[in-house]
Structure formats: C-alpha cells, structure tokens
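Residue-level structure breakdown
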Amino acid sequence: ERSIRGTLESLVGQTLSDWECICVDDGSTDGSGAVLDEYAARDPRIRVIHKPNGGEGSARNAGMDAATGDIIAFLDADDRMHPEALGLFCSMWGKTGFEMLRYEARPVSSPAEEFAPLGDEPICEKVDFARCGESPFVFCALGCATVVARGLARQLRWTDLRQGADRLLVMDGLLRTKSTCRARAKLVNYYMDPNSISRKLSAGLLKGTCDYLPAVLSRADQLGVTAEMLEAGEGLA
C-alpha cells in the first residue's frame, strides 16, 4: 500500500501509450486492492485481478495468463520503471523478434530516485548464454529485469519457491529459446528494502536457498553451465 501508487505512476507516465497493465492483488490485507481499483477505474489500460493469497509465483502466473500483449514485462509492487522502458521493449522486439530480453535493474535505497534520460537507444544484442563470459548466476538473476514474448510466456511457470523463483524462470526460458537478447540499460529501479524477506538472514531464508539450489543446478546441467553455477552456489553457501 505504501509504494503501489508510485509504481503505477511510473507506468502511467510511460512515453509509450499503447500498453496494458495486469495488477494482481494476491489476497492483500491492507489497502492495496482499493488503490488498484482506483487506478483501473480511471485508466482502461489497467486491469485488476483479485484472488486469494497464493504467493508470488501464483500471482505472477495469474497475471501472465491474463496478458494479451505481444510481449510481457514484470514489475514488483515497490519498484518503478524508466519512462522510456516500454517503448524501448517494443522497439527492440520489432527489430530483433526476441523471445526473451534481459535488461538491467538499478538497485536503489529509495524507489523514488529519478531516472536520467537515455539519449540514444541502447544496443540490443543477441546473446549466446553458454558463451557470454558472464556468471550464469548473475545473468539469470532478477526476473523483474526480463521481458518475454507471449508465445514463450505460455510455456513458462513461476514456481512457489520463496527464494530464486526469478532465476528459475529465466533459466527455464533459456532452455526453451535460442533467441535471447540483452540490453545494457538500467530500466527499472529495484528497491532494496532492508525489511524484505530476501534481506533478512533467517532460518526460513536459508531453507529457501537450500530448496532452490538443486533446481538451479538441474537446469544448469541442461544448459551446460553446471561448473559455473556450482562455483557460484558454493560462494552463496
């Protein structure tokens, strides 16, 4: 409830006007659902799904299934998108026909930090993931910095794991497409909330990490990057 207005304003203020936003109220117990309904009532591009609480994966799957656009991007309820982001995604998709696009997030201590104008359109390059020379653990992080074509999205599911669901989604996408692109541009403010689940060292966090590492390594084996993922996993451990 504290952050959702700013998140929605970052979409309403996009330079691209032709988009749809699927907001999933996953059984919230604060005023988030009412805020979503307020925005949907005055902007027909915004649609709201109210559902019983099922967790992050369930919410993202519901939104992904309801989307009708050619490409689908993700945005957390406390993050904000660069005003040129959606226009860039559409331009890059038109030029490359990507099935999956990876871009960069900007970690911030306040989601309201202003974006600088991009100037020239960032280069969108095709990536051979197994030979990109980048840590696959890092390359696959942050599902919020991912855009997928709707055809590929229909083959993907977010898991209900508390940790690493974004990394697993990206790896599953890599297993299903050879048309992966990357744009080196920071197009979302990724809020580093000190009180979030992923920031607090706890037994639950450690258990979540242990739950998802085997799934990560299984996909890494199929992608041919097991050694790199093992090294990164040992560092995390």
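Calculation criteria
- Residues numbered from 1 in each chain as written.
- Predicted model: local features only at pLDDT ≥ 70, side-chain atom pairs only at ≥ 80, totals over all residues.
- Heavy atoms only, no water.
- Core = buried A, V, L, I, M, F, W, Y, C linked by side-chain atoms within 4.5 Å.
- Buried < 20%, exposed > 50% of the residue type's maximum accessible area, 1.4 Å probe, protein only.
- Helix = DSSP H or I, 4+ residues; strand = E, 2+ residues; numbered from the N terminus.
- Contact = heavy atoms within 4.5 Å.
- Axes fitted to C-alpha atoms, helices over the stretch in contact; angles between N-to-C directions.
- Parallel < 35°, antiparallel > 145°, perpendicular 65-115°, else oblique.
- Left-handed = near helix turned anticlockwise from the far one by under 90°.
- Nonpolar A, V, L, I, M, F, W, Y, C, P; charged D, E, K, R; others polar.
- Phe/Tyr/Trp six-rings, centres within 6.5 Å; stacked < 30°, edge-to-face > 60°.
- Lys NZ or Arg CZ within 6 Å of the ring centre and 35° of its normal.

1. Some words on the nonpolar core
Ranked by size, the top nonpolar core spans 31 residues in total, and within it Phe-89, Leu-101 and Tyr-103 carry the most contacts. Where this core is concerned, the elements lending two or more residues are helix H1 (4–12), strand S1 (21–26), helix H2 (32–42), helix H4 (85–96), strand S5 (100–108) and strand S8 (180–191). Looking at this core element by element, the count peaks at 6 residues for S8. Not counting residues within four places of it along the chain, the set of residues in contact with Phe-89 comprises Ile-71, Ala-73, Met-81, Phe-98, Leu-101, Tyr-103, Val-147 and Leu-187. Counting 29 residues, the second largest nonpolar core, distinct from the first, contains Ile-72, Phe-137, Val-216 and Leu-223.

2. Points about the packing of H1 against H2
Relative to each other, H1 and H2 sit at 25 degrees, their axes nearing to 10 Å. The pairing of H1 with H2 is recorded here as roughly parallel in orientation. Crossing geometry of H1 relative to H2 is assigned as right-handed. Side by side, H1 and H2 meet where Ile-4, Arg-5, Leu-8 and Glu-9 of the first sit next to Val-35, Leu-36, Glu-38, Tyr-39 and Arg-42 of the second. Residue composition of the contact of H1 with H2, by class: 5 nonpolar, no polar and 4 charged.

3. Focus: the packing of aromatic side chains
Taken as a whole, this structure holds 2 aromatic pairs when the rule is applied. For the pair Phe-74 and Trp-158, a centre-to-centre distance of 5.3 Å together with 80 degrees between the ring planes defines the contact as edge-to-face. Here Phe-74 is found in the loop between strand S3 (71–73) and strand S4 (80–81), whereas its partner Trp-158 is found in the loop between helix H6 (150–153) and helix H7 (165–176), with 84 residues between them in sequence. Residue classification places Trp-158 among the buried positions, given a relative accessible area of 5%. Ring geometry for Phe-89 and Tyr-103: centres 5.0 Å apart, planes at 40 degrees, overall tilted. Of this pair, Phe-89 sits in helix H4 while Tyr-103 sits in strand S5, and the two are 14 residues apart along the sequence. Taking relative accessible area as the criterion, Phe-89 reaches 2% and is therefore assigned buried. Seen from the ring of Trp-158, Arg-60 lies directly overhead, with NZ or CZ sitting 4.6 Å from the centre. Over the ring of Phe-115 we find Arg-106; its NZ or CZ atom is 5.0 Å from the centre of that ring.

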